[in-house]
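Structural overview
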Amino acid sequence: MSLIDVNFLSIEAYSDHPEVYAVAGILTSVYFDDRPRKRNPNLVARDARKLVASLALRNSDLFRFTTKTSHFSAQNRKQVWMTNRVLKLFNTAVRLGWIHLVQDAVPPYASKMSKGGLAAVYCRSKAFKDLIVEVDINEIVPDPDRLRVELRDTEGKQVELSNEVINMHFNKVTTKILEDHYNFLIDSDVRYGDGRAVEKTKLFFIRKYKGDFDSGGRIYGGLQNKPKTERLGLTIAGSKVGSLDISQLHPMLILRLVHGVEKERLGMLTEGLDDAYVMPDYKELPRGVHKKIINALFNASSEDSAVRALMSTHWWYDDETGKLKVEIYKGKKRRKGQCVFLESPKKSAIKYVESFKRHHPMYGEAIGRGLGVALQAIDGTLIERVIEVANGFKVPVIPVHDEFIVREGDRQFIEMALERVFRDWIGEKGKFGTLGAKWTNSAGEEEMVRIDLSIEVQ
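Since the structure is predicted, the reported quantities are computational estimates derived from the model, not experimental observations.

Comments concerning the overall build of the protein
Scanning the protein from terminus to terminus reveals 13 helices and 18 strands. What you see for the protein is a C-alpha radius of gyration of 24 Å, in line with the 23 Å of a compact globule of 458 residues. Once the C-alpha set of the protein is aligned to its principal axes, its extents read approximately 80 × 55 × 45 Å. When burial is assessed residue by residue, the protein has 48% of its 458 residues classed as buried. For the protein, restricting intrachain contacts to residue pairs at least 6 apart in sequence, the fraction spanning at least 24 positions comes to 69%.

Points about the packing of helix α6 (residues 169–186) against helix α12 (residues 371–392)
Relative to each other, α6 and α12 sit at 50 degrees, their axes nearing to 10 Å. Accordingly, the angle class assigned to the pair α6 and α12 is oblique. Taken as a pair, α6 and α12 cross one another with a handedness that is left-handed. Touching V173, T174, I177, L178, D180 and H181 of α6 are E384, I387, E388 and N391, all from α12. Among the residues forming the contact of α6 with α12, the class breakdown is four nonpolar, three polar and three charged.

What to know about the pattern of salt bridges
All chains considered together, the criterion is met by 30 salt bridges. Between K129 and D61 there is a salt bridge; the shortest N-O distance is 2.8 Å. Here K129 is found in helix α4 (residues 126–129), whereas its partner D61 is found in the loop between α2 (41–57) and β2 (62–65), with 68 residues between them in sequence. By relative accessible area, K129 is classed as partly exposed at 32%. Taken together, the shared-partner salt bridges in this structure form one network comprising R46, D47, K50, R85, D143 and D145.

Re the pairing of strand β12 (residues 313–317)
Counted residue by residue, β12 has four buried out of five residues, so it is predominantly covered. As paired strands, β12 and strand β13 (residues 324–328) are joined by five bridges and run antiparallel to one another. Note on β13: the bridge partner recorded for H314 is E327. Where β12 and strand β14 (residues 338–339) come together, two bridges link them in antiparallel fashion. Within the sheet, the bridge partner assigned to H314 lies in β14 and is C339.

Some details on the sheet that holds strand β3 (residues 99–103)
Here we have three strands laid out as an open sheet, ordered β2-β4-β3, and antiparallel in their pairing. If you trace the sheet from one side to the other, it starts and ends with β2 and β3, each paired once. Sheet twist, expressed as the average angle between the axes of neighbouring strands with direction ignored, equals 40 degrees. On top of the sheet, helix α3 (residues 84–95) reaches β2, β3 and β4 (120–124); it is set at about 95 degrees to β3, its chief contact.

Brief notes about the packing of aromatic side chains
Enumeration according to the criterion identifies 16 aromatic pairs in this entry. Residues F65 and F90 carry aromatic rings whose centres are separated by 4.0 Å and whose planes lie at 15 degrees to one another, so their mutual orientation is stacked. A residue pair is termed long-range when its members are at least 10 positions apart, and F65 in strand β2 and F90 in helix α3 qualify at 25 residues. Exposure remark for F65: the relative accessible area of 1% places this residue in the buried category. F90 sits in the buried class, given a relative accessible area of 0%. For the ring pair F341 and Y352, a centre distance of 5.8 Å and an interplane angle of 65 degrees mean the geometry is edge-to-face. Of this pair, F341 sits in the loop between β14 and α11 (345–359) while Y352 sits in helix α11; the two residues are 11 residues apart in sequence, bridging distant segments of the chain. Using a relative accessible area of 0% as the deciding quantity, one classes Y352 as buried. Members of the aromatic cluster, joined through ring pairs, are F63, F65, F90 and Y122. R35 extends its terminal NZ or CZ atom over the ring of Y31, reaching a point 4.0 Å from the ring centre. Over the ring of F432 we find R256, and its NZ or CZ is 4.5 Å from the ring centre.

What to know about helix α9 (residues 287–299)
Along its 13 residues, α9 runs 18 Å from first to last C-alpha, staying within 8% of the 18 Å computed at 1.5 Å per residue. Close packing links the buried residues of α9 with α8 (249–259), α10 (303–311), β12, β13, α11 and α12.

What to know about α8
Burial runs high along α8: eight of the 11 residues are buried. Taken together, the buried positions of α8 are L249, H250, P251, M252, L253, I254, L255 and R256. For α8, the secondary structure elements touched by its buried residues are β9 (212–220), β11 (239–246), α9, α12, α13 (411–426) and β17 (434–440). A positive backbone phi angle near 70 degrees is found at G260, which sits one or two residues after α8.

Reading the values: rules and limits
- Going along each chain's sequence as written, the residues are numbered from 1 onward.
- pLDDT decides what is reported in this predicted model: residues at 70 or higher carry local features, side-chain atom pairs at 80 or more are listed and counted, and totals for whole chains, interfaces and linings draw on all residues regardless.
- To get the side-chain values, take all heavy atoms of the structure and skip hydrogens and water.
- Helix numbers and strand numbers start at the N terminus; a helix is a DSSP run of H or I with at least 4 residues, a strand a run of E with at least 2.
- Here the globule rule reads 2.2 Å times residues to the power 0.38, and the radius of gyration is calculated from C-alpha atoms.
- Remark: exposure states derive from per-residue accessible area (1.4 Å probe, protein chains only) relative to the maximum for the residue type, with buried under 20%, exposed over 50%, and partly exposed in between.
- For this analysis, residues touch if any pair of their heavy atoms sits within 4.5 Å.
- Interaxial angles span 0 to 180 degrees and are taken between N-to-C directions of axes, which are lines fitted to C-alpha atoms, for helices over the stretch in contact.
- Orientation labels follow simple angle bins: below 35 degrees gives roughly parallel, above 145 gives roughly antiparallel, 65 to 115 gives roughly perpendicular, and whatever is left gives oblique.
- Each helix crossing is assigned a hand: it is left-handed if the near helix lies turned anticlockwise from the far helix by less than a right angle, otherwise right-handed if that turn is clockwise.
- Basically, the charged four are Asp, Glu, Lys and Arg, the nonpolar ten are Ala, Val, Leu, Ile, Met, Phe, Trp, Tyr, Cys and Pro, and anything else, Gly included, counts as polar.
- What makes a salt bridge here is a side-chain nitrogen of Lys or Arg within 4 Å of a carboxyl oxygen of Asp or Glu, nothing more.
- When DSSP finds at least two bridges between two strands, those strands are taken to pair.
- Two rings from Phe, Tyr or Trp (for Trp, the six-membered ring) form a pair when their centres are within 6.5 Å of each other. A pair whose planes differ by under 30 degrees is stacked, one over 60 is edge-to-face, and the rest are tilted.
- Any Lys NZ or Arg CZ that is within 6 Å of a ring centre and within 35 degrees of that ring's normal is treated as a charge sitting over the ring.
- A helix is expected to reach a length of 1.5 Å times the quantity of its residues less one.

The structure is reproduced here in structure tokens:
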């Protein structure tokens, strides 16, 4: 593994396993050795168990972690794991030789790869792993203090929520739905294709907002980072799974909510087009590239920022999986693959936007309006309500943004649940025409689905 690809250690787990208790006890004892008095010993011990369990849960020994104190909260609030107490426990683990520094952090002023610099790379040591040999992933659970609703500011930093905000009605509703969902999935015996139980932390879903509670709001869980082929290899209660993907969710919402229509009106340049991500002038680019950059047009706060995003978009095929990868880079981060627009990037990006407007004029007014986060709030509630319906009918469902993973025998149920929730949530603009989706079975065979929205089923 390249050090560039090493991901961050998340303090996301907890365990009551005796070995975790014992290791956390050693860590806590050393932590207090050079302190004149023991403050909050119970909280220190609890955070030590979270750190130990999170380290034990990792598949890779390597991880990134920042020890820059400005990144940590001085408070001891439960909902934010990045506290000074966690930082001190981490540094104590380093002193004990449980964690080794592999590569120093690169500060922003010295970095040629990222505008914000790079966090240091660390490695779990053999000494640490020898202390947790009996810990099974089934005995590691999600951090019990972690909230089901997360808010980050416009710069991406987590906001500490007041009790008043936590207890707002819509947050309490989300919390109840996602807690019920987690408990049901735990009882549903979700396994990988090789028979291993899926980590409980990956069945823990959170609704994440950005800026305010009207923006963002998508639901995230650990399985979303797994390739679709691996997700389709899952079993639930011993049954094979399939997935139902909503087709072109955000373009479809723009057409319905802005124009009140089901699909683009056909004209001279749109004849035969029923896909927002088809660009006749750029047939040499894969559809996945178009999808990424067209969604960037909707997400951008201005047309100028949309053009800049297109200028820094790269694409390539993964060496291991062969899957298409598309990335919109920021700052000076090292680029992979090839730039979408190699020659005269700005001029070419502007030309692409003009071409999109010509071929898809009904989406023109959505470009550079920052609609992405608002659309995510809509689809986040849509997914949350489908989960609620599934909970009520005791049907296990694993959401991955606009995809639902269910047992193959539950296909009819998930189509019905999506139809009913969509009609209810979108209102009158969701009660005509059809809703496009794609069903993929466990063998990877795909089938296009049209869900009728015009007839209400009692």
